[in-house]
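Structural overview for review
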Amino acid sequence: MSSSSSAAASASKRPSDQELTQTYNSMKSELNQLAQKIGELETEADEHTLVVDTISPLDPERKCFRLVGGVLVERTVKEVLPALMTNQEGIKNVTMQLVQKYKSKEDEFLAFQKKYNIQVKQ
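Residues numbered from 1 in each chain as written. Predicted model: local features only at pLDDT ≥ 70, side-chain atom pairs only at ≥ 80, totals over all residues. Heavy atoms only, no water.

**Description of the pattern of salt bridges**
One pass over the full model with this rule turns up five salt bridges. The shortest N-O distance in the salt bridge between Asp 17 and Arg 14 comes to 3.9 Å. Taking the relative accessible area as the measure of exposure, Asp 17 reaches 56% and is therefore exposed. (Salt bridge = Lys/Arg side-chain N within 4 Å of Asp/Glu carboxyl O. Buried < 20%, exposed > 50% of the residue type's maximum accessible area, 1.4 Å probe, protein only.)

**Some points on unusual backbone geometry**
For Asn 117, which is not glycine, the phi torsion reads 50° and is therefore positive. Locating Asn 117 in the fold gives a position in the segment after α3 (77–115). A residue is classified by how much of its surface remains accessible, and Asn 117, at 58% relative accessible area, is exposed. (Helix = DSSP H or I, 4+ residues; strand = E, 2+ residues; numbered from the N terminus.)

**Thoughts on the packing of helix α2 (residues 17–55) against α3**
Between α2 and α3, the shortest axis-to-axis distance is 8 Å and the interhelical angle comes to 160°. By the criterion of interaxial angle, the relationship of α2 to α3 is roughly antiparallel. Relative to α3, α2 is oriented so that their crossing is left-handed. In terms of residue class, the contact of α2 with α3 is built from 24 nonpolar, seven polar and nine charged. (Axes fitted to C-alpha atoms, helices over the stretch in contact; angles between N-to-C directions. Parallel < 35°, antiparallel > 145°, perpendicular 65-115°, else oblique. Left-handed = near helix turned anticlockwise from the far one by under 90°. Nonpolar A, V, L, I, M, F, W, Y, C, P; charged D, E, K, R; others polar.)

**A closer look at a nonpolar patch on the surface**
Together, Phe 65, Leu 67 and Leu 72 give the surface a local cluster of nonpolar side chains, amounting to about 360 Å² of exposed area. Structurally, the position occupied by Phe 65 is in strand β1 (residues 63–68). (Patch = residues over 30% accessible without salt bridge, like charges linked within 9 Å, V, L, I, M, F, W, Y side chains within 5 Å. Areas by Shrake-Rupley, 256 points an atom, 1.4 Å probe, with all protein chains shown as cover.)

Set out below in structure tokens:
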């Protein structure tokens, strides 16, 4: 009985190669998804910056158009500018959170590789 429990204990310490491969691939996929989302949000933040810089010097009463939920609405610069700045700050905050999450997941990934001595062949 003790030999079967020690065999189970040693099996639980080291997952099979297939399980290691699955875990490795899922962790790598998650890192790639996070990196892609961070890139999308950074692009969106850059676009917001460009628009804010473009309409800031304009007359506050000048009409401008904004796409809201797929519908183009007419507003004035003074109505649109604060909303754009709020959205821009929100995007930056989410990006910072995702970068922190990416770093922690990357550390987790590297620790996993080191723990099981995983080396990628190129």
